[in-house]
Amino acid sequence: MPLAKSIEAIRADFPILATTVHGKPLVYLDNGATTQKPLQVIRTLDELYRTANANVHRGVHRLSDLVSDRYEAARETVRAFINAPKREEVIFTANTTASINAVAFSFGERFVGEGDEIIISGMEHHANIVPWQMLCERKGSKLRVIPFSDEGVLDLDAYRTMINGRTRIVAVTHVSNVLGTVNPVKEIVSEAHRHGIPVLVDGAQSVQHGTVDVTDIGCDFYVFSGHKVYGPNGIGVLYGREKLLNEMPPYQGGGDMVANVTFEKTTYNVLPFKFEAGTANFTGAIGMASALDYLTGLGREAVAEREQALLAQATAGLSAIDGMRIYGTAPHKVSVVSFLPGKIHQYDAGMILDKMGIAVRTGTHCAQPLMERYGISGNIRASIAFYNTEEEIEALVNGVRKATEMLA
Amino acid sequence: MTIYELQEQIIEEFAQFGDWMERYEYLIEMGRELPPFDETHRIPDFLIEGCQSKVWLYPSFDDGVITFEADSDALITRGIVALLVKVFSGRTPDEILGTDLYFIDRIGLKENLSPTRSNGLLAMIKQMRLYALAYKSKAEQS
């Protein structure tokens with residue numbers, strides 16, 4: 001399936017891609033950290049502030065109505081994008097981290113107690129480790145960690161033996177931000193559900209790489225960030241099953257999340273507003289919806305297909321460099337390649353690549369336990385988006401080769 | 001040579017380089033020429049942890065001057081710390097505390113000074129000055 005637009009037309013949609021860095025054309029390969037924004041999103045934000053800015057869900061006045069409608073339309077766009085059953089199950093947050101913290105706190109308050117267990121995996125981003133550790137500290141519960149192989153594949157047998165009568169929730173990443181591994185979340189969910197245990201899936205690195213269907217996955221929570229899916233930053237999504245969300249207490253109090261407030265007793269609003277205290281980031285939500293529309297318009301499977309081709313090129317090119325180590329060689333990966341050439345320090349290579357106009361991420365990528373698993377202090381990560389080109393991948397490979405020669 | 005003259009000399013050397021590549025190559029070379037670090041000093045007490053690379057800095061004070069030994073796990077950082085050692089090692093605490101390190105800006109390393117880069121250059125200079133301050137007050141007390 002081809003993309004709906006030519007690569008030239010796509011790149012013209014992203015003005016920043018035409019900029020130069022240190023006098024060299026920008027080669028942006030840090031899409032796992034954040035993605036660039038198409039004109040469609042930039043224009044939406046611009047138009048919103050010019051024509052429809054007012055607070056949502058408040059006044060009876062025309063502008064407030066207008067923007068409230070668009071905010072709710074954005075919720076519907078998100079619902080459709082991840083195929084959630086109900087619009088009320090889509091809650092807007094600040095980002096993936098905020099979504100996970102919300103669940104860890106609220107679900108934890110209601111369902112997790114002393115001696116209970118929470119299962120995560122060894123390839124989690126800190127955002128899907130620390131909130132659970134904090135919960136464990138508050139409640140006296142225990143964190144269990146699913147190990148993974150050198151290739152970056154989760155050990156599902158170990159996972160199965162970990163589940164027991166004290167397990168309260170499983171929280172795993174759909175895609176590893178370092179290894180690129182696409183985890184078998186459907187299998188993980190069905191195993192947990194056999195024991196009546198809910199599952200949170202961290203979708204921060206998956207939702208932008210093809211189709212994601214939370215109904216098909218069957219997960220109870222799915223979280224992601226707007227800025228990693230070509231939308232604005234400061235907006236994120238928490239999808240949660242209605243039944244669970246209704247049973248969970250609000251984690252933040254304030255305006256919009258209440259039905260009735262007296263000094264004696266406050267009753268809470270219905271879903272999704274119960275979890276959206278304070279003025280919502282409505283511009284972020286509407287901007288994100290336009291990013292999701294953009295991706296849908298391009299063809300999400302076509303996006304994934306193009307990214308797979310670029311991943312294959314990058315993996316082959318980098319592997320051909322002497323002494324190259326690739327971290328993450330699972331059979332099912334998204335377009336992320338983490339590597340270290342020889343004994344070279346990631347920071348040295350990153351600094352040299354930067355001077356060539358090539359933006360990659362170096363360090364631990366907020367996944368220190370994963371680095372420890374491989375016995376390294378960090379590595380270099382190139383994360384590829386559909387707007388990257390074959391020439392850019394070639395520039396990366398040549399740049400890494402050059403840096404390797406300089407540092408050898 | 002005074003610290004001032006040494007800074008001028010470094011600026012002159014860097015001015016000969018055509019582009020950043022040559023500057024980095026020079027720094028890498030400087031890093032390689034840094035004397036081997038005494039392994040007994042490779043302990044957390046002497047570690048300046050930046051976000052991206054590790055730097056060890058060991059001071060000693062003798063005859064009124066401070067000698068610095070340093071190392072890093074990254075080559076370019078090692079080169080940068082070698083430059084600092086070249087400028088600050090063998091100086092009195094007063095010289096170290098009273099010197100404006102303007103050469104960093106002039107040789108195009110200013111971007112490495114930004115606190116958000118977290119490569120430790122700022123922390124390295126701060127640590128060297130802290131040692132100078134400590135030795136100075138110790139000397140004044142005795």
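Keep in mind that this is a model prediction, so the values were computed, not measured. (Residues numbered from 1 in each chain as written. Chains lettered and ligands numbered in written order. Predicted model: local features only at pLDDT ≥ 70, side-chain atom pairs only at ≥ 80, totals over all residues. Heavy atoms only, no water.)

Asker: Could you give an account of the interface of chain B and chain A, with specific residues and numbers?
Answerer: Facing 17 residues of chain B, the contacting portion of chain A comprises 17 residues. Interface area for chain B against chain A, summed over the two sides, is near 1600 Å², with a carbon-plus-sulfur share of 59%. Summed over the shared surface of chain B and chain A, the number is 0 salt bridges. Between chain B and chain A we count 5 residue pairs in polar contact (both at pLDDT 80 or more) in total. Of all the secondary-structure elements, those providing two or more residues to the side of chain B that touches chain A are α2 (20-33) and α3 (75-88) of chain B. The element contributing the most residues to the side of chain B that touches chain A is α2 of chain B, with 6 residues. When the residues that make up the side of chain B that touches chain A are grouped by side-chain class, the tally is 7 nonpolar, 5 polar and 5 charged. (Contact = heavy atoms within 4.5 Å. Buried area = accessible area lost by both parts, 1.4 Å probe. Salt bridge = Lys/Arg side-chain N within 4 Å of Asp/Glu carboxyl O. Polar contact = N/O pair within 3.5 Å; in protein donor to acceptor, adjacent residues only side chain to side chain. Helix = DSSP H or I, 4+ residues; strand = E, 2+ residues; numbered from the N terminus. Nonpolar A, V, L, I, M, F, W, Y, C, P; charged D, E, K, R; others polar.)

Asker: Describe the pairing of strand β7 (residues 167-173) of chain A, with residues and values.
Answerer: Residues and elements named next belong to chain A. Most of β7 sits inside the fold, with 6 of its 7 residues counted as buried. Two elements, strand β5 (residues 117-121) and β7, share 4 bridges in a ladder whose sense is parallel. Across the sheet, the residue bridging to I119 is V170, located in β7. Handedness of the crossover joining β7 and strand β8 (residues 199-202) through helix α7 (residues 185-194) is recorded here as right-handed. (Buried < 20%, exposed > 50% of the residue type's maximum accessible area, 1.4 Å probe, protein only. Pairing = 2+ DSSP bridges. Right-handed = clockwise from strand over helix to strand, strands pointing away.)

Asker: An account of the domain arrangement of chain A is needed here, citing residue identities and associated values.
Answerer: Where the parts come together, the accessible area they lose is often given as the size of the interface. Residues and elements named next belong to chain A. Split into domains, chain A comes out as domain 1 (7-30 + 299-407) and domain 2 (43-296). Overall, the association of domain 1 and domain 2 removes approximately 2700 Å² of surface from exposure, summing both partners, and the carbon and sulfur fraction of that is 56%. On the domain 1 side of the contact with domain 2, R300, V334 and L370 bury the most area, a combined 27% of that side's loss. For the pair domain 1 and domain 2, the interface holds 1 salt bridge. Among the salt bridges present, the one from R373 reaches D150, with a minimum N-O distance of 2.9 Å. Those elements that provide at least two residues to the side of domain 1 that touches domain 2 are α1 (7-13), α11 (300-319), β14 (336-341), α13 (368-374) and β17 (379-383). (Domains from an automatic or database assignment.)

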